[in-house]
Amino acid sequence: MDGDPKRLSRSATPTAPVAPALPAAGRLPRREYHEVLRGQPALVTGANSGIGRAVAMGLARAGADVAVNYVTHPEAADEVAHEIEAMGRKAITLKADVSEEADVERMYARAIAHFGTLHIAVSNAGLQRDHPFDEMTLEAWNTVIGVNLTGQFLCTRAATREFKRRGVVSSVSQAAGKIICMSSVHQLIPWAGHANYAASKGGVAMMMKSIAQELAPHFIRVNSIAPGAIRTPINTSAWETPEAYADLMTLVPYKRIGEPEDVAQAAVWLASDASDYVTGATLYVDGGMTLYPGFTTGG
Ligand code: NAD
């Protein structure tokens with residue numbers, strides 16, 4: 001299909017008048033890395049801590065203005081916003097509980113009003129409530145599903161409505177919008193004692209692929225990042241002592257813990273036109289954790 005002008009043209013909806021066809025090779029001129037996301041405002045949930053914070057900063061470093069969502073610790077969100085502004089980008093902090101529909105709708109409306117539109121949506125907010133399965137309360141189950149899965153549904157839906165409304169602006173990006181779902185290696189690896197968390201991430205995997213299939217004709221790209229063990233507050237007990245770290249490394253062929261910046265780099269790539277032909281994919285950023293490390297010396 002390379003060079004097929006019908007396949008490569010972009011429009012707000014598949015039936016709307018089409019924008020001018022892209023060049024035969026299907027690519028717009030590449031921008032310098034430091035500005036690949038210029039003119040593409042982003043909204044990142046859970047952006048005042050860990051991976052979300054690094055992603056917000058990474059997108060800003062690549063040129064994006066950023067809406068920094070938080071639910072607690074507004075001072076940490078302000079700090080992220082100040083650092084983004086110090087890079088010469090615009091930032092806004094927005095309080096919202098991603099599991100609450102009204103909060104999410106209000107947050108997206110405010111971000112869109114502030115920046116004029118959005119091009120990038122990173123649904124990153126997440127939490128764990130770990131219990132042996134027979135001791136897991138319905139509240140622990142519902143809280144994790146509510147934030148990790150329903151929260152991603154609500155945020156992705158709000159982003160989709162804006163991306164569809166606006167369509168492609170070819171001077172800014174080849175896609176009408178980029179959605180990035182923060183999943184986990186536990187969308188694949190079962191996790192005893194964390195059934196609610198693994199179920200939420202397994203749900204994200206199929207939600208992401210279903211939405212990607214549905215939205216591709218609208219030139220909206222939907223992908224996931226599945227981090228392995230990343231050094232953040234969510235999993236402090238897994239890396240804070242030398243013993244815990246050594247234990248963790250038995251699961252990581254690459255023999256180092258991941259840093260939030262490792263995930264941020266993946267998010268910048270998925271948000272940029274460098275990945276324009278990528279949709280419905282999960283990018284594992286896990287140092288090989290999903291490579292069955294037990295088989296390194298066995299099997
Ligand atoms: P973190 O605890 O540092 O960050 C989680 C963020 O989500 C925080 O900002 C928190 O306030 C926010 N959050 C929680 N509930 C919220 C709600 N109801 N509304 C809005 N925000 C809410 O942990 P992290 O490691 O940075 O986690 C970020 C994402 O990465 C999560 O989805 C997590 O499941 C995923 N992840 C992390 C790892 C890891 O090893 N750290 C591995 C795989 C996946």
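Attention here is on the structure that accompanies the text.

Rules of the game
- Residues numbered from 1 in each chain as written.
- Predicted model: local features only at pLDDT ≥ 70, side-chain atom pairs only at ≥ 80, totals over all residues.
- Helix = DSSP H or I, 4+ residues; strand = E, 2+ residues; numbered from the N terminus.
- Buried ≥ 20, exposed ≤ 12 C-beta atoms within 10 Å, placed from the backbone.
- Contact = placed C-beta atoms within 7 Å.
- Pairing = 2+ DSSP bridges.
- Axes fitted to C-alpha atoms, helices over the stretch in contact; angles between N-to-C directions.
- Core = buried A, V, L, I, M, F, W, Y, C linked by C-beta atoms within 7 Å.
- Left-handed = near helix turned anticlockwise from the far one by under 90°.
- Nonpolar A, V, L, I, M, F, W, Y, C, P; charged D, E, K, R; others polar.
- Parallel < 35°, antiparallel > 145°, perpendicular 65-115°, else oblique.
- Right-handed = clockwise from strand over helix to strand, strands pointing away.
- Expected span 1.5 Å × (residues − 1).
- Arc of directions from axis to C-beta.

**Thoughts on the overall build of the protein**
A tally of regular secondary structure across the protein gives eight helices and seven strands. Classification of the 299 residues of the protein by burial places 44% in the buried group. Pairs at least 24 apart in sequence give 71% of the contacts found in the protein among residues at least 6 apart.

**Quick notes on the sheet that holds strand S4 (residues 120-123)**
Across the sheet, which stays open at both edges, the seven strands sit in the order S3-S2-S1-S4-S5-S6-S7 with parallel pairing between neighbours. If you trace the sheet from one side to the other, it starts and ends with strand S3 (91-95) and strand S7 (282-285), each paired once. Between one strand axis and the next, the sheet turns by 20° as a mean value, whatever way the strands run. As paired strands, strand S2 (residues 66-70) and S3 are joined by five bridges and run parallel to one another. Bridge pairing in S3 places tyrosine 70 opposite lysine 95. Strand contacts of helix H4 (residues 101-115): strand S1 (42-44), S2 and S3, with the helix running at about 165° to S3, the strand carrying the most contacts. Against the sheet, helix H6 (residues 195-215) touches strand S5 (177-182), strand S6 (220-227) and S7, its axis set at about 160° to S6.

**Some remarks on the nonpolar core**
Membership of the largest hydrophobic core comes to 80 residues, with the highest contact counts inside it found for Ala56, Leu59, Val66, Val68 and Ala267. Among residues more than four places away in sequence, those in contact with alanine 56 are Val44, Ala47, Val66, Val68, Val80 and Ile84.

**Quick look at the packing of H4 against helix H5 (residues 138-166)**
At a minimum axis distance of 9 Å, the contact between H4 and H5 shows a crossing angle of 35°. Relative to H5, the crossing made by H4 is right-handed. For the pair H4 and H5, the contacting residues are Glu101, Val104, Glu105, Tyr108 and Ile112 in the first and Leu154, Cys155, Ala158, Ala159 and Glu162 in the second. Taken together, the residues that form the contact of H4 with H5 break down as seven nonpolar, no polar and three charged.

**Some words on unusual backbone geometry**
Of note, histidine 73 is a non-glycine position whose phi angle comes to about 55°, a positive value. On the secondary structure map, histidine 73 appears in the loop between S2 and helix H3 (74-86).

**Concerning the packing of helix H2 (residues 50-61) against helix H8 (residues 260-271)**
Orientation of H2 relative to H8, taken along the N-to-C sense of each, is 50°, at an axis distance of 8 Å. Judged on the interaxial angle alone, H8 and H2 are oblique. Handedness of the crossing formed by H2 with H8: right-handed. Here H2 contributes Gly50, Ile51, Arg53, Ala54, Val55, Met57, Gly58 and Leu59 to the contact with H8, which in turn contributes Pro260, Glu261, Val263, Ala264, Gln265, Ala267, Val268 and Ala271. Class assignment for the residues of the contact of H2 with H8 results in eleven nonpolar, three polar and two charged.

**Let's talk about the pairing of S2**
It is a general feature of regular strands that their side chains alternate between the two faces of the sheet. The buried fraction of S2 is high, at five of five residues. Because side chains alternate across S2, one face comprises the buried residues Val66, Val68 and Tyr70, and the other comprises Ala67 and Asn69, equally buried. Once you follow S1 into H2 and on to S2, the crossover reads as right-handed. Taken together, S2, H3 and S3 form a β-α-β motif whose crossover is right-handed.

**Some points on H2**
The end-to-end C-alpha distance of H2, which contains twelve residues, comes to 17 Å, matching closely the 16 Å that a straight helix rising 1.5 Å per residue would cover. With respect to burial, H2 is a largely interior element, eleven of its twelve residues being buried. When we look at burial in H2, the residues that qualify are Gly50, Ile51, Gly52, Arg53, Ala54, Val55, Ala56, Met57, Gly58, Leu59 and Ala60. Glycine 63 lies just past H2 and shows a positive phi near 115°.

**Focus on H4**
The periodicity of an α-helix, 3.6 residues per turn, causes residues three or four positions apart to be oriented the same way. When the terminal C-alpha atoms of H4 are compared, their 21 Å separation across 15 residues agrees well with the 21 Å that a helix rising 1.5 Å per residue should span. Buried within H4 we find Val104, Met107, Tyr108, Ala111, Ile112 and Phe115. Taken end-on, H4 shows its buried residues confined to a sector of 125°, consistent with a single buried face. Of the residues in H4, the exposed ones pointing more than 90 degrees away from the buried face are Ala102, Ala109 and Ala113. Those residues of H4 that are buried are in contact with S1, S2, S3 and H5. Just downstream of H4, glycine 116 is the residue with a positive phi angle, here 95°.

That is the geometry; function is a separate question.
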